[in-house]
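Next come the chains, spelled out residue by residue.
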Amino acid sequence: MDNPKYTGLEFLTALKNGEVSASPMAHTIPMELVEVSKGKATYKVTPGQQHRNIQGGVHGGFCATALDTVTGSAAHTLLEHGVGYGTIDLNVKMIRPMQVDSIYYAQAELINAGRNIITTEGRIVDENGKVYAFAAATLMIIRKA
């Protein structure tokens with residue numbers, strides 16, 4: 001769960017502004033939150049040599065992790081103080097190979113927010129908007145008892 005002094009949007013805004021530390025995963029898969037608003041998030045993501053698969057391309061896990069993060073962040077923006085979320089389902093489609101040391105943007109937005117379930121969708125695009133991967137995510141809202 002987040003720090004209870006923040007709503008989800010306040011926490012992500014503080015992360016974007018460097019007021020709170022990024023997660024350890026944001027160092028494993030380089031991700032920098034560059035835009036956030038209610039129901040939307042964008043991260044700058046840059047695969048490095050360490051993200052190559054055995055064939056030399058960018059590993060699909062890089063795409064999946066970036067898309068899990070951004071679709072979760074879009075959901076996170078809706079949460080009140082002390083409320084968390086967890087990914088139930090993440091359906092990822094990789095449609096063209098990403099290149100090492102190239103800059104991409106993982107973008108996501110809200111599709112639907114119910115009482116207990118939030119649905120978001122995301123994509124990884126290059127600087128020209130060309131899509132490299134996309135995903136649909138279902139997330140469960142977690143409230144303290």
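Each remark here, short or long, concerns the structure printed above.
What you are looking at is a predicted structure, and each value in this text was computed from that prediction instead of being measured.

Q: Describe in detail the nonpolar core, supporting the description with residues and values.
A: Tyr43, Val45, Met98 and Ile124 are the most contacted members of the largest nonpolar core, which has 29 residues in total. Elements with a contribution of two residues or more to this core: helix H1 (8–16), strand S1 (31–37), strand S2 (40–45), helix H3 (60–76), strand S4 (104–113) and strand S6 (131–142). It is H3 that provides the largest number of residues to this core, a total of six residues. Dropping the residues within four chain positions of it, Ile124 is found in contact with Cys63, Ala66, Leu67, Met98, Tyr104, Tyr105, Ala106, Lys130, Val131, Tyr132 and Ala133. Core analysis: the second largest hydrophobic core is formed by seven residues, Leu79, Ile118, Ala137 and Leu139 among them.

Q: Tell me about H1, and name the residues and values.
A: The α-helix winds at 3.6 residues per turn, so residues separated by three or four positions along the chain end up facing the same way. Along H1, the positions that sit buried rather than exposed are Gly8, Phe11, Leu12, Ala14 and Leu15. Within H1, the buried residues cover an arc of 155° as seen down the axis, which keeps them to one side. Those residues of H1 that are buried are in contact with S1, S2 and H3.

Q: Could you give an account of the sheet that holds strand S3 (residues 84–94), naming the residues involved and the relevant values?
A: Pairing is antiparallel across the open sheet formed by six strands, whose spatial order is S1-S2-S4-S5-S6-S3. Either end of the sheet is taken by a strand with one partner, and the two such strands are S1 and S3. Strand after strand, the sheet turns through a mean of 20° between neighbouring axes, direction not considered. Where S1 meets S2, six bridges bridge the pair, whose relative direction is antiparallel. From the neighbouring strand, Glu32 faces S2, where its bridge partner is Lys44.

Q: Could you give an account of the pairing of strand S5 (residues 117–125), with specific residues and numbers?
A: In terms of strand pairing, S4 meets S5 through eight bridges, oriented antiparallel. Within the sheet, the bridge partner assigned to Leu110 lies in S5 and is Thr120. Linking two consecutive strands that pair antiparallel, namely S4 and S5, is a turn of three residues. Across nine bridges, the pairing between S5 and S6 is antiparallel. Residue Ile124 lies in a different strand from S6, and its bridge partner there is Ala133.

Q: Give me the lowdown on a nonpolar patch on the surface, citing residues and values where you can.
A: Residues Ile88, Ile117, Met140 and Ile142 make up a contiguous nonpolar surface patch of about 320 Å² in total accessible area. Its location among the elements puts Ile117 in strand S5.

Conventions and cut-offs
- For every chain, the first residue of the written sequence is number 1, and numbering continues from 1 along that sequence.
- In keeping with the model being predicted, local features are shown solely for residues with a pLDDT of at least 70 and side-chain atom pairs are shown and tallied solely at 80 or more, while totals for entire chains, interfaces and linings include all residues.
- Only hydrogens and water are removed before side-chain values are computed, so all heavy atoms of the structure are retained for them.
- The definition of a nonpolar core used throughout is a set of buried Ala, Val, Leu, Ile, Met, Phe, Trp, Tyr and Cys residues joined through side-chain atoms within 4.5 Å.
- Under the scheme applied here, a residue whose accessible area is under 20% of the maximum for its type counts as buried, over 50% as exposed, and between as partly exposed, the area being computed with a 1.4 Å probe on protein chains only.
- In DSSP terms, a helix is any run of H or I states spanning at least four residues, a strand is any run of E spanning at least two, and both are numbered starting from the N terminus.
- We call two residues in contact whenever any of their non-hydrogen atoms come within 4.5 Å of each other.
- Within this analysis, the arc is defined by the directions that extend from the helix axis to the C-beta atoms.
- Here, a strand pair is defined by DSSP locating no fewer than two bridges between the strands.
- Axis definition: a line fit to C-alpha positions, over the contact stretch in the case of helices; interaxial angles, taken between N-to-C directions, run 0 to 180 degrees.
- Patches in this entry comprise residues that are over 30% relatively accessible and not in a salt bridge; like charges within 9 Å are linked, as are nonpolar side chains (Val, Leu, Ile, Met, Phe, Trp, Tyr) within 5 Å.
- Accessibility throughout is a Shrake-Rupley quantity obtained with a 1.4 Å probe, and a residue counts as covered only by protein chains that appear here.
- A carboxyl oxygen of Asp or Glu within 4 Å of a side-chain nitrogen of Lys or Arg is what we treat as a salt bridge.

Read these as layout, nothing more, since geometry by itself doesn't imply function.
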